[in-house]
Amino acid sequence: MCPTPTAQWCAGPCYPYFRRLFREQTGMSAKQHQMRVRLQRAIDLLVNTEKSIKKIAGLLGFHSAFHFSTQFRQLIDSSQTGFRAAKRS
């Protein structure tokens, strides 16, 4: 439950309320949405540039190419290299 109106409340809705409202509107958590947007950008970079996997991982804020690879495989069900090759052929 959000607090009663105070200076903090006037600055914007409280986090639990935001999380609930976001999930109701999108069907996913804000974190899931953020990851999906990052990976959509990764797909664009993989298909349309020659940037390395490591460079793309860094550009998108992943801590390592391994973390990027893990997240990519979970959502896309393919390695980045395999995905890039399939989309270019």
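Just so you know, these numbers come straight off a predicted model, no measurement behind them.

J.: I would appreciate a short explanation of the nonpolar core in the present structure.
T.: Core analysis: the largest hydrophobic core is formed by twelve residues, namely Met35, Leu39, Ala42, Leu45, Leu46, Ile56, Ala57, Leu60, Phe62, Phe68, Phe72 and Phe83. Only helix 3 (30-48), helix 4 (53-59) and helix 5 (65-76) provide two or more residues apiece to this core. Here this core gets five residues from one element, more than from any other, and that element is helix 3. With residues up to four places along the chain from it excluded, the contact list for Leu39 reads Phe62, Phe68, Gln71, Phe72 and Leu75.

J.: How should I be thinking about the pattern of salt bridges in this particular structure?
T.: Here the idea is simple: oppositely charged side chains can pair when their charged atoms come close. As enumerated under the stated definition, the model contains three salt bridges in all. Residue Asp44 pairs with Arg41 through a salt bridge whose shortest N-O separation is 2.6 Å. Of the two residues, Asp44 and Arg41 are both situated in helix 3; the distance of three residues between them amounts to about one turn of the helix. Given a relative accessible area of 40%, Arg41 falls into the partly exposed group. In this structure, Arg88 engages Glu50 in a salt bridge whose closest nitrogen and oxygen atoms are separated by 2.8 Å. Residue Arg88 is found in helix 6 (residues 80-88), and its partner Glu50 is found in the loop between helix 3 and helix 4; the two are separated by 38 residues along the sequence. Given a relative accessible area of 66%, Glu50 falls into the exposed group.

J.: Looking at this structure, I do not really get the confidence of the model for the chain. What am I missing?
T.: For residues with low pLDDT, the predicted coordinates do not support detailed interpretation. Averaged over every residue, the pLDDT of the chain is 88; the share at 70 or more is 85%. Across the chain, the element-wise mean pLDDT spans from 53 in helix 1 (residues 7-10) up to 96 in helix 4.

J.: Got a minute to help me understand the side chain of Ser29 in this structure?
T.: Tracing the backbone shows Ser29 in the loop between helix 2 (15-26) and helix 3. Excluding anything up to four places from it in sequence, Ser29 contacts Phe22 and Arg23.

Criteria and thresholds
Residues numbered from 1 in each chain as written. Predicted model: local features only at pLDDT ≥ 70, side-chain atom pairs only at ≥ 80, totals over all residues. Heavy atoms only, no water. Core = buried A, V, L, I, M, F, W, Y, C linked by side-chain atoms within 4.5 Å. Buried < 20%, exposed > 50% of the residue type's maximum accessible area, 1.4 Å probe, protein only. Helix = DSSP H or I, 4+ residues; strand = E, 2+ residues; numbered from the N terminus. Contact = heavy atoms within 4.5 Å. Salt bridge = Lys/Arg side-chain N within 4 Å of Asp/Glu carboxyl O. pLDDT = per-residue confidence, 0-100.

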